[in-house]
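# Survey of secondary and tertiary structure
So the chains spell out like this:
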Amino acid sequence: MKLRKGIANLGVVSLTGAGALAAFSGAHAQTTESTDKAAEAAQVVETVTVTGSRVIQNGNESPAPLTVLTVVQLQATRPTTVFESLLDMPAFAGSRGGTASNPSGNQSNSNQTSALNLRGLGPVRTLILYDGHRVPPTTQDGTVNANTIPQMLLQRVDVVTGGASAVYGSDAIGGVVNFITDRKFNGVKLDVQGGKAERGYGETYRAGIAFGTKLFKGRGHFLGSFENYRDAGVLNRNDISQFQGRWTVQGAGTQAFPYFLVPGANNPTYTYGGKIVAVPGQPANPLLNSTFATNSTLRPFQNGSTAGIPTGTTIQLGGDGIWDTRVSLKPRTDLTQGYGRFDFDLTKDLHFYASFASTVDHSFNYYGDVNNSQVWRMSTSNAYFANQFPAAKAQMEAAGVSIFGLTKKFGVDSLVTNSNVDNIYRTSYGNMAFEGKIDKYKWELSYTGSKSSTEVKSNYSFDNGKLYAALDAVVNPATGQIVCNVTLTNPALYPGCVPMNPFGPSSETQALVDYVKKEGTFLQESFTNDFSGSITGAPFENWIGPVHMAISGEWHRQRFELSTDKPTVNFAPLDCTGLRFGNCTPVSATNLGTPQFNGGVAPRPPVFMTVKEAAVEGEMPLIRDLPFIESMNMNLAYRQARYDAEGNPNIFAPNQSYKFAAKTWKVGLEWEVNSAWRLRATRSQDIRAPNLNDLFQPNAVTFSNGNRDLLTNQNLTPSGGSPQIVNGGNPNLQPEVAHTVTAGVVFTPTKKFSFAIDYFNIAVKDYIFRVNGFDTAFQNACYDSGGTSYFCSLQVRPGGFSRTAPNMTSSNAVTTWYSVPANVAELKTKGVDVETNYKTTVRTLPIRLRALVSYQPHVYFTAPGSATQDLASNLQAPAGSTAGTRVRATVSAHVDASDRIGIDWQTRWRSRWHQSTNPAVVSLPGTDVASVSYSSLNLTYRLPFEGQWTAYLNVQNVFDKQAPIAAVGGNPAQSPGLAGGFVPGDDPLGRAYAVGVRARF
C-alpha cells in the first residue's frame, strides 16, 4: 500500500483546503494543491494504511464509504481543535461537548466529554482509533473524549461511515474515526494562535511545538510534540442576551394544551428569599405561600400566569418563582498534550517502534443554582424568625402553628455559590510493536497499554447534618447571641456550628456558607492491556490475479473502578441525634432515611472485561477487462469474539463471571465500469458489546410513592411505605447486533469534476435500553403474560403476577422495582450521502469547490410498550438520543489568490428541527426551529521570512447570525434557565475571530 503525495490514492477527492468532510469517500483519486505549500509538504507520507481494511491495496478499491481529511484542511475550518472541526461536517450528528451539549452536574458521565457521533446513532456506536488502535473509554458509559488524542503531529483523520466491526470489533456500528500521526515528520514546526468572540467572551489560546529527526544514519527516527489549548468558555449563559429570556416550551402537546415557545418561565415551588409552605400534621397556616421578598420583608407570593399550562404542571409565566440564574453555556477548558515516538530498523526486514501519548483535559462549568430539594421544617421559635418577623410569629402561633415549611433557592444575591464541577480527564497511552516481512508476507506483533481516568470535583453542595444543625437557631441565654441549638445541648455533635438565617435572598453569612459546604471528589479509572498480531499477504492467485488475505488475533483486558476520598454519595444514613423538627428522617423499613449529604455517585470496586478475538479478511479480484467491467473486486471479512466479564451490580457482593460471544462479517463489492463510473456496495453484520457500566453499574436504592402497582391498584406496600427502586446494571446483557447495507455510485468524467452518491441502511437489533419495572407498559406486559414475560423480573412481590383474584389483593403488593438496561429496543435509519467536487480557473485564479450533503430522513427508535419514535429532526427525542436534522450540508471553496495568499470559505447548513415528529403532537407556530446556516472565512498569508512561515485569520459565523431561539417541551421545561434558548450544535456565540502563525523549519 505504497501511496505517494499524501492521500492521492485513497479514493478521496480533496479539492479544497476549507476543511470539508464527506460522509463517504470521493470518486477519483488525485493529488491536490494546498493554500499553504509548506503545510502540504508536511502531509507527504511514504506509507498509508487504508482504514477499514487490512488487505485493500488502494483506496479506490474500497467498497466501504471512506473519507480522509488532512490536518491542513481541518485547520482551515477551525484553528482550535480537530474535534470542533469535525463537528461541522454532515456525517456527525448529536455529538457531545462544547456548546453541543447542555452542562453537566455531579455525574459519572459528563456531557462535556468531546464525544463524536456518526449518523446520530450514539457516541458508544462510533469507534475511535488512534493510529489504528482502539482508544480506551473516557467516561463510565463508554464514550471516548476525542480531545485526549494529541493533535500537533496528526497527519489526517480517516472516517469510515459504514459498519466495520468485522475488521475492528465492537462499537463500529456507525463507523470508525481513525486519528493518524505523521510518523515521518522531520524538522520543527510551531503553531500559536489566539481568538475571542466579537462580544468579548469565549477567549481561546493555543500554542504547540513539534519536532522530528532521523537517528543512527537513517535507521532510526524520533519525533515529539507538546501543545496547550485554552478556552475561557462562557461560564454564565446569561452573559448572552438571547438566554436572558429564559426560553422554554410549555404545554403538553395536546389539543387542549399545545406546545408553545415562551420567555420568562418561573418555577413557583421556590423563591430566592424563601417561601412558606405547608407541612403535614400542622394546622392551616395563615401565612401559607408568603415569601421573604427581602431580608426584612414577608409578603404574599405573587403568582404568574398559567395560561396554556396544563393542570399539574408547576411552571408559571412571570411571578415570584425562580429560575437557574447561573448556568454555563460552554465550559472553560485547559487542554495539555504530549507525544513521543521512536522508530528503528533492526534489520532490512524487521522494524521496531514505540510511542507514548499523554493528555490532560480539564473542563469547568457551572450547573445551576443550589436549591433546597426538600422542605425545611422551621420552628416559629427560630431565633432569626422571632427577632425579624415577630408579627408573623404571633399570627402563626395564634393559629396553632408551631412548625412551618420553607423552600428556597440561592440566587445571584446569595453568598451560596452555584453548583460547579471540575472534570479532569487524564489519558496515558503507550504502544510498541515489531513489524517485519518474510518472503511475500508482512506481519506485526503489537502491545498497547493505556490508562484513562476522569476526576470529578463537585465543589459545592450541602452537608445535610451541618445544614439541619445550622437551621435550628436559638438565643444563648448566657450571652444573648444567636447560636445553633446543638451548641448548647451537645456541642460535640457539630463542633463550630454556625447558625443559619434562611429568611431573605441575601441573609446568609460567609461563615455559614463555608460551614455547611460539602465538597466531593470521585475518580473513575480504566486500565487496558492489549496484545495483537496480524499477517498479510497474497498466498495464491486466482484466474485474475493475486488474492490478498489477512489473519489477525487480539487479546485485550479492561479494568474499571471508581474510588473517592471525598464521597459524593451517602454510604450510610444521617445520624439524627440532636437534630430537631423532623428535618432528619431516621431509617425505617420503608425509607432510607436522610442522606448524609447530597450526591449521586457511588464507589465502584474493580470490574473486568477480557476479550479474545480472531479475524480473517480477503480481497479477491473477480473480473478484469471485459465490456463494462474494467475491474471487479470482492472483499470478505469475518471476526469471532469471546467476552469474559467479571463484576457485580451489588458492590457489597463478590464478583461473578459472565460470558458471551459475538460474530461479525462483511461482504463488499467494488466494480469499476470504466474510467468515469465506479459502483460499490457492502453488506455487514456489526456489534456493540455491552460495556462494563451496562453490565455492572452499581445498584442504587431509593424509595418512591409515585409509582402505582397496577396489579393490586395501590401505591403503598403492606408495611405502609413505598416499594424500593433498585437502579443498576444488568450482567445478563448480550451484544447489540446491526445489519448494514451501503451502495454507491461514483462518477468522474474528468479530473476537474466528480460526483458520488451513497445509500446506507442500518438496523440495530437487541438495542440496549433502560427499562423501569414500574412503567405502565412493562407492568401490563408482565401481567398479560401471566408471569412469563421478561418484564416480570423487574418487580418483586410475595405472590404471582397473573391477573387472578389471589394475586390482585393488597397482600401481594410490589416490594421492589428494578430499573436495568436490557436488549429490548430497536434502532433503524437509512439515508443518502452526496458529494460533488469541481476544480477550475477563473482569470488565472485556481478555484476548488466541494459540496457535501447528508440526507437522513428517519431514525426510528422502538421500545417495548411505546409507539415508534422518529428521532430525526425531533427535539423531543429522549435524552442522549438526539440524531440531528434530516438534511445537513457543508459547502466549501478555496481560492489561491496569489503565491502567498489563500482564501477558504465554508458554509454549513441544517434543515428544520421539529418540536416532535409525532403527528399526534400539537404545537403552536414558533415552537419548531427554522433551518439555519453558518459561514466561516480563513485567510492565509505566506510570510517572507527564512523558513516557512504562514499567518492566518479565521472568522467564524461571518454574518454574526443568531442561533434560532429554541427549547424543548416536557421535563426540560420544568427547569427554567437550566437549558433552552438554542439547539445544541447551533452557534450561540456570534461572530468570532482567531489569528495565528504557523512555522516549519
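First, a word on what this report is: a plain description of the structure on this page. (Residues numbered from 1 in each chain as written. Predicted model: local features only at pLDDT ≥ 70, side-chain atom pairs only at ≥ 80, totals over all residues. Heavy atoms only, no water.)

### Regarding the overall build of the chain
For the chain, the count of helices and strands is 11 helices and 42 strands. In terms of overall dimensions, the chain is globule-like: its C-alpha atoms have a radius of gyration of 31 Å, near the 30 Å expected for 1001 residues. Seen through its principal axes, the chain has C-alpha atoms that stretch 100 × 70 × 60 Å. When the 1001 residues of the chain are sorted by exposure, 58% land in the buried category. Contacts in the chain between residues far apart in sequence, at least 24 positions, make up 73% of those at least 6 positions apart. (Helix = DSSP H or I, 4+ residues; strand = E, 2+ residues; numbered from the N terminus. Rg over C-alpha atoms; globule rule 2.2 N^0.38 Å. Buried < 20%, exposed > 50% of the residue type's maximum accessible area, 1.4 Å probe, protein only. Contact = heavy atoms within 4.5 Å.)

### Focus on the state of the cysteines
Applying the stated criterion to the full structure yields 3 disulfides. Between the sulfur atoms of Cys484 and its disulfide mate Cys497 the distance is 2.1 Å. Its torsion about the S-S bond being -80°, the disulfide of Cys484 and Cys497 is classed as left-handed. Highlighted residues: Cys484 in strand β23 (residues 482–484) and Cys497 in the loop between α8 (485–489) and α9 (510–516), separated in sequence by 13 residues. Across this residue pair, the class does not change: Cys484 and Cys497 are buried. Through a disulfide, Cys782 is tied to Cys792; the S-S separation comes to 2.0 Å. One quick way to see it: the torsion about the S-S bond of Cys782 and Cys792 is about 110°, and its sign makes the bridge right-handed. Placement of Cys782 in helix α11 (residues 776–784) and of Cys792 in the loop between α11 and β34 (795–796) is noted, with a sequence separation of 10 residues between them. (Disulfide = S-S within 2.5 Å.)

### Quick look at the environment of Ala252
One can find Ala252 in the loop between β9 (248–250) and β10 (260–262). Since its relative accessible area comes to 34%, Ala252 is described here as partly exposed. C-alpha separation for the pair Ala252 and Gly970, spaced 718 residues apart in sequence, amounts to 7.0 Å. Leaving out residues up to four positions away in the same chain, Ala252 has contacts with Phe257, Pro258, Tyr259 and Pro310.

### Side note on the sheet that holds strand β2 (residues 126–130)
Strand order in the open sheet made by the 5 strands is β1-β4-β5-β2-β3, with mixed pairing throughout. Looking at strand neighbours, the two that pair on one side only are β1 (66–70) and β3 (133–134), the edges of this open sheet. (Pairing = 2+ DSSP bridges.)

### Looking at the environment of Ser452
Mapped onto the secondary structure, Ser452 falls in strand β21 (residues 441–462). Taking relative accessible area as the criterion, Ser452 reaches 2% and is therefore assigned buried. Distance from Ser452 to Gln524, taken between C-alpha atoms, is 8.4 Å for residues 72 residues apart in sequence. Among all residues touching Ser452, those that are not within four sequence positions of it are Pro136, Pro137, Thr138, Arg426, Thr427, Gln524, Glu525 and Ser526. Engagement of the side chain of Ser452 in a polar contact is seen with the backbone oxygen of Pro137, the distance being 3.2 Å. (Polar contact = N/O pair within 3.5 Å; in protein donor to acceptor, adjacent residues only side chain to side chain.)

### Observations regarding the pattern of salt bridges
Close approach of charged atoms lets side chains of opposite charge pair. Applying the stated criterion to the full structure yields 41 salt bridges. Residues Asp334 and Arg230 are paired through a salt bridge, measuring 3.8 Å at the closest nitrogen-oxygen approach. Of this pair, Asp334 sits in strand β16 (residues 332–347) while Arg230 sits in strand β8 (residues 220–231), placing them 104 residues apart in sequence. Since its relative accessible area comes to 30%, Asp334 is described here as partly exposed. On the basis of relative accessible area, Arg230 is assigned to the partly exposed category, the value being 46%. Two residues, Glu561 and Arg559, come together in a salt bridge whose shortest N-O distance is 2.6 Å. For Glu561, a relative accessible area of 14% translates into the label buried. Arg559 sits in the partly exposed class, given a relative accessible area of 33%. Bridged by salt links that share partners, the residues Arg125, Arg688, Asp694 and Glu736 form one connected network. (Salt bridge = Lys/Arg side-chain N within 4 Å of Asp/Glu carboxyl O.)

### Describing helix α6 (residues 390–398)
Regarding α6, the residues found buried are Ala392, Lys393 and Met396. In a view along the axis of α6, the buried residues occupy a sector of 100°, so they form one face of it. Facing away from the buried side of α6 by over 90 degrees, the exposed positions are Ala391 and Ala398. In this fold, the buried residues of α6 make contact with β12 (275–277), β14 (297–300), α5 (383–388) and β19 (403–407). In the segment just after α6, Gly400 is the residue with positive phi, at about 85°. (Arc of directions from axis to C-beta.)

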